[in-house]
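Secondary and tertiary structure notes
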Amino acid sequence: MKKILIIALASFSVFVSNGCKKKKAEQADPCANTVCLNGGTCVDGSCSCPTGYSGADCGTQRTPVKVTISAIKITKFPAMDGTSTWDPITNTNPDLLAVVKQGSNTLITTGSVNNISAGAVTILPGVSSTDVMDLVTQLNIELWDEDTPPVDANDSMGSINFSIYNSTNHFPTTLVVDNGTLTFELTLSYTY
Ligand SMILES: [Ca+2]
Ligand SMILES: [Ca+2]
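Summary of the structure given here. (Residues numbered from 1 in each chain as written. Chains lettered and ligands numbered in written order. Predicted model: local features only at pLDDT ≥ 70, side-chain atom pairs only at ≥ 80, totals over all residues.)

The helix and strand inventory of the chain stands at 1 helix and 13 strands. Ordered by position from the N terminus, the helices and strands of the chain form the series α-β-β-β-β-β-β-β-β-β-β-β-β-β. Here the chain, with 192 residues, has 17% of them falling under the buried criterion. Partitioning the intrachain contacts of the chain with sequence separation of at least 6 by distance along the chain shows that 49% fall at a separation of at least 24. (Helix = DSSP H or I, 4+ residues; strand = E, 2+ residues; numbered from the N terminus. Buried ≥ 20, exposed ≤ 12 C-beta atoms within 10 Å, placed from the backbone. Contact = placed C-beta atoms within 7 Å.)

Another point: unusual backbone geometry. In this structure, Asp44 takes a positive phi of about 50° despite not being glycine. Here Asp44 lies in the loop between β1 (41–43) and β2 (46–48). Look at Phe171: it is not a glycine, yet its phi comes out positive at around 55°. Position of Phe171 among the secondary structure elements: in the loop between β11 (155–162) and β12 (174–178).

The subject of this paragraph is the sheet that holds strand β6 (residues 96–102). Each strand in a sheet pairs with another by means of backbone hydrogen bonds, the pair being arranged parallel or else antiparallel. Taken in spatial order, the 4 strands make up an open sheet running β7-β6-β10-β11, and their pairing is antiparallel. Single-partner strands in this sheet number two, and they are β7 (105–109) and β11. Strand after strand, the sheet turns through a mean of 20° between neighbouring axes, direction not considered. Relative to β11, strand β10 (residues 139–145) is paired through 7 bridges, and the arrangement is antiparallel. Residue pairing for β11: Leu139 is matched across the bridge by Phe162. (Pairing = 2+ DSSP bridges. Axes fitted to C-alpha atoms, helices over the stretch in contact; angles between N-to-C directions.)

On to the pairing of β12, then. As paired strands, β12 and strand β13 (residues 183–191) are joined by 5 bridges and run antiparallel to one another. Note that in β13 the partner of Val176 across the bridge is Glu185. Hairpin connection from β12 to β13: 4 residues lie between these consecutive antiparallel strands, with Gly180 at a positive phi of about 95°.

Encoded structure:
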């Protein structure tokens, strides 16, 4: 009987001592079981989130106040207008310019660049930083071959509807806008 009591007491003391060790470990590192996403860091058991993210684990994107377009690059466009060149009178390549609209508002009209070969990566000139405040309504970007009336009017080379922001895209600084025929790259920045 005495032996059984001693074993029972010994087991109990091991149990208590393990409990104390566990408690000490938790006190030593309050971040041991805290996971912070999107580059967040754990401070005293809570996540400190980087700019643009919120939530207990930094898992939620904040909605920016505005998105700013600071540059537009064209990387892909149709080489030919059907079976002819874009400027058949001079038999030359298109003179590119882009227009960005949101609803009936024209946000950006770029300058033009002349006689651009298909496949050439071209930064369109004349884009000063433009703030987009409405992040819900889709934007539309058009590509034109500039021409000089009355010899020829501007030729439409296509357009794409796109969203400037979505809540899971992790704020790309380069937004690729593509429809298979045209590819634009927009340089973006975000204000929260
Ligand atoms: Ca033309
Ligand atoms: Ca032209």
